[in-house]
Every structure is written in structure tokens, then in C-alpha cells.
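Here's the letter readout for the chains.
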Amino acid sequence: MDGVDVAAAVGVLDSLYPPSTAQSWDAVGLVCGDPQAPVRRVLLAVDPTSAVVDEALEWGADLLVTHHPLLLRGVHGVPATTPKGRVVHRLVRGGCALYVAHTNADVALPGVSDALARVLGLHDLRPLVPQSLQPLDKVVVFVPHADADRLVDALAAAGAGTLGDYSRAAWTTTGTGTFRPEPGARPAIGRVGQVEVVPETRVEMVLPRARRQAVLQALRAAHPYEEPAFDLLETADPGGRAGLGRVGRLDQPVTLEAFARRVAEVLPATAQGVRVAVDADAVVETVAVLGGAGDDAFDAVRASGADVYVTADLRHHPASEARERAAHDGGGRPFLVDVAHWASEWPWLAGCESRLATGLARRGAAATTVETRVSTARTDPWTSHVPSRGGPS
């Protein structure tokens, strides 16, 4: 395709972060915008705040991709007299669509916590809270040798053949097909009433179950036969790699203080900074991370055997209870590193930007068709920090 429209960009984003993997209470996907509108510039940000909308419209963005939803709770209208309504009206008037990938991006592979783990230098990653991968099908189709590559390309463009960071993945072998066209048939090869023998290629490709109809439609459109022969199989869930949060290891053990300083150095600056509990001189190597609010995952963190847990929005009571239990059961582990919510999720934007551009290119968009940019607006709500003085010693 020469140009990109909103629908094409949404198709790529949905394949990266399937809406079906979002929590039931979440509000993800296209919030506003015309699917047929052209997309030349895409801005990515954590929050759809007025400052981010200012940046999007001033830059001339046609699509704004955010992690946090604009309309998470149900509304009965979006009048311009309300803060969220004003955002919707400004985006619509400015010709800028809004797309949200929230909890579906949290559990994706790679997702929000993968990005946080990578900037912290972790490797050998595994999910903190494993979750089933999106359901997959496998399509097996038989096609004349000369048409095999064209068919693989068509199936890949429709969403088949993606395995992690690899696209157009297919397995092929050769064999012989035979058939006899009956009266009423219009065969691409052979004649009515005569047995035909054709050298054929067997093509196998996996696909997200949500893309089943699109892939089958592409198969029928690209296949030279009037009645293509194919099988569609539902695959078993291998599990194990996707899910909420990540657990990984540092290249070498370091003190908790040195690790906390690394966290402060690689994440964007915020008024909160980095809070640490407890022993700065303790040595840590295994790290659990969860981008965003993570104080409901302490059981999983303990089960992971992590020395330290990096997350955001730790509330007093869950954190205090976690520390008491760690002191009693785990020799003080896991230690806690608490960062700003916005800062913990911001690293995801760069990876999303890169994968969106790659996905559009795979679907035929020229590399220069769409310009992308990560927002520089700091949307953390806190603006300053005053160190505590006095009080109990």
C-alpha cells in the first residue's frame, strides 16, 4: 500500500497488543478517529492529557497512541465542558485519532514490563504472573508450486506467520495433489470430467485466532483454485512466556543502593525519585519488575524468589505488611524499590514505536510514509519534592 490509514495502524497495534488480552474492566482500542483517515504522523505517550494533546496537534499528528485510557470509567457523554470531553473534541477537530493499549500491553510479549526490565539491565526474563498467550490457529493449505510464495505473502499480510519478533514464518513441503472437476466447476487447472494431477506445495502458518476470518479471506482471494484445499487447526497453549510483570537477573550482584541508583539513572526524572526499603548494603541479583501499580502482586514476587521488587504506587499498608512478612520469613527479601507510575511505563513507548513502524512496513507501507515520535511531555502529576525534616528519630 502507498499510504497508511487509521485502520491499518490499528490493525498493527491490535496484532501487537490484542484487545482480547485486556482485563474485562479495561477500555482499550480506538477511542476516536475515522478508520479511513490517512496517517502520516503518530505520537506515542503514556497519558492522554491536555499537554500531550497540545504536543500532538502542534506537531500535526494524525494518530495519538497512549498507554492509559482516556475513558476508563463509563460515561454518558463527552461534552466539551468536561476535561475528558474537551480532549475528545480537540482531537476530533484536529483530525487526530486516539488509540489505547493498556492492560493488553502490560501482558504482551514484549510489553510494558519487558521494557522496564531491559532498561534496568535484566536478562533471562520470565513472567512474574504467567498468563496464557492469545489463542493460536494453524492454517495448512495446498497450492501449486508457482503460487506458493505469493500465497505466503498474502497470508502474512493478513496476520499469519508472526512468531515473536519474526514475521512471514511458514513451513513448506512438496507433494502431489489430484482432483477431478465436476460439471459446473471452473477449474484454474485441468478440464471438467478429467482427473488432474498437480505438483503442489503444502504451506503451514500460525495465526492469532482473532485473525482467523481475515486470514481465510486472504487465502481464498490469493489462491488460484476455485475451491482451495486447506485445514484450520486450533493449537494447544504452550504457556510460560507471556503475563504480568517480569523476573530477571542482573549481570552481576550489586548492593541495593547501587541498584537503586541505576534505577534512578535509567528512568526519566520525577519529583518522587526512587524510594527504597530496606537495607542499602544488601546484595541483590534477581529482580522482579512490574510497570505501573504493583502492590497487589506481592505473593507472586515472594514466589519468584526475587531479591528486590521494582514497581510503582506502593501504598502504605501493603508495603508495610510486605516488609513485616519479609523480615519474618525471607531474611528481609524482597526489598522494595518504588518509582513513579509514569516513569515505570515510559520505557515501553520506544519499543511500541519501533514495532508499529516495523508492522506497517511488513504490510507494505513505505518506510517514509509514517513519521513516529515519543512524547517529551512529563505527565507525572507531581511537580516538586520537599525532603522531610524533624519528626521522630
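Residues numbered from 1 in each chain as written. Predicted model: local features only at pLDDT ≥ 70, side-chain atom pairs only at ≥ 80, totals over all residues. Heavy atoms only, no water.

Caption draft 1: Local environment of the overall build of the protein chain. The number of helices and strands found in the protein chain is 12 helices and 15 strands. If one aligns the C-alpha atoms of the protein chain with their principal axes, the spans along those axes are about 95 × 50 × 35 Å. Residue burial in the protein chain is summarised as follows: out of 393 residues, 45% are buried. Relative to all contacts within the protein chain whose residues are 6 or more apart in sequence, the contacts with residues 24 or more apart total 76%. (Helix = DSSP H or I, 4+ residues; strand = E, 2+ residues; numbered from the N terminus. Buried < 20%, exposed > 50% of the residue type's maximum accessible area, 1.4 Å probe, protein only. Contact = heavy atoms within 4.5 Å.)

Caption draft 2: Structural detail: the packing of aromatic side chains. This model, assessed by the stated rule, comprises 3 aromatic pairs. Ring centres 5.5 Å apart and planes at 65 degrees place the aromatic pair Tyr 17 and Trp 348 in the edge-to-face group. Remark: Trp 348 occurs in helix α12 (residues 348–362) and Tyr 17 occurs in the loop between α1 (6–16) and β1 (29–32); sequence separation between them is 331 residues. The residues Tyr 17 and Trp 348 share a single accessibility class, namely buried. Ring centres of Phe 298 and Tyr 309 lie 5.8 Å apart, and the angle between their planes is 75 degrees; this geometry places the pair in the edge-to-face category. Here the residue Phe 298 occupies a position in helix α9 (residues 298–304), and Tyr 309 occupies one in strand β13 (residues 308–312), the gap between them amounting to 11 residues. (Phe/Tyr/Trp six-rings, centres within 6.5 Å; stacked < 30°, edge-to-face > 60°.)

Caption draft 3: Representation of the sheet that holds strand β10 (residues 243–255). An order of β5-β10-β12-β13-β14-β11 is seen for the 6 strands of this open sheet, with the pairing classed as mixed. For this open sheet the edge positions go to β5 (123–130) and β11 (275–277), each flanked by a neighbour on one side alone. Averaged over all pairs of adjacent strands, the angle between their axes in this sheet comes to 25 degrees, without regard to strand direction. Both strand β12 (residues 283–293) and β13 contribute to a ladder of 4 bridges, which runs parallel. Paired with Val 289 across the strands is Val 310, a residue of β13. Helix α8 (residues 256–266) contacts β10, β11, β12, β13 and β14 (335–339) of the sheet and is inclined by roughly 125 degrees relative to β10. (Pairing = 2+ DSSP bridges. Axes fitted to C-alpha atoms, helices over the stretch in contact; angles between N-to-C directions.)

Caption draft 4: Molecular detail of the sheet that holds strand β6 (residues 136–144). Strand order in the open sheet made by the 4 strands is β7-β8-β6-β9, with antiparallel pairing throughout. Strands at the two margins of the open sheet, each flanked by one partner only, are β7 (171–179) and β9 (230–234). Here the strands of the sheet are splayed against their neighbours by 25 degrees on average, with no regard to which way each runs. Packing of helix α6 (residues 148–157) onto the sheet brings it into contact with β6 and β8 (196–208), and relative to β6 it is tilted by some 155 degrees. Lying over the sheet, helix α7 (residues 212–222) contacts β6, β8 and β9, oriented at roughly 165 degrees with respect to β9.

Caption draft 5: Structural view of the pattern of salt bridges. Under the criterion given, the structure shown has 24 salt bridges. The partner of Arg 275 in a salt bridge is Asp 338, with the nearest N and O atoms 2.5 Å apart. Placement of the pair is Arg 275 in strand β11 and Asp 338 in strand β14, with a sequence separation of 63 residues. When its relative accessible area of 44% is taken as the criterion, Arg 275 is described as partly exposed. Here the salt bridges do not stand alone but share partners, grouping Asp 137, Arg 209, Arg 212 and Glu 234 into one network. (Salt bridge = Lys/Arg side-chain N within 4 Å of Asp/Glu carboxyl O.)

Caption draft 6: Region of the structure containing the packing of helix α2 (residues 50–59) against helix α3 (residues 83–93). At a minimum axis distance of 10 Å, the contact between α2 and α3 shows a crossing angle of 5 degrees. Taken as axis vectors, α2 and α3 run roughly parallel relative to one another. Taken together, the residues of α3 that come into contact with α2 (itself represented by Ser 50, Val 53, Asp 54 and Leu 57) are Val 87, Arg 90 and Leu 91. Partitioned by chemical class, the residues of the contact of α2 with α3 number 4 nonpolar, 1 polar and 2 charged. (Parallel < 35°, antiparallel > 145°, perpendicular 65-115°, else oblique. Nonpolar A, V, L, I, M, F, W, Y, C, P; charged D, E, K, R; others polar.)

Caption draft 7: Representation of the environment of Ser 354 in the model. Examined against the element boundaries, Ser 354 turns out to sit in helix α12. Once the C-alpha coordinates of Ser 354 and Arg 373 are considered, the two residues, 19 residues apart in sequence, prove to be 9.9 Å apart.

Caption draft 8: Summary view of the pairing of β13. Counting buried positions over the 5 residues of β13 gives 5, a clear majority of the element. Going residue by residue along β13, you find Val 308, Val 310 and Ala 312 tucked away on one face and Tyr 309 and Thr 311 tucked away on the opposite face as well. One crossover worth recording links β12 to the parallel β13 by way of α9, and it is right-handed. Where β13 and β14 come together, 5 bridges link them in parallel fashion. Paired with Ala 312 across the bridge in β14 is Val 339. (Right-handed = clockwise from strand over helix to strand, strands pointing away.)

That is the geometry; function is a separate question.
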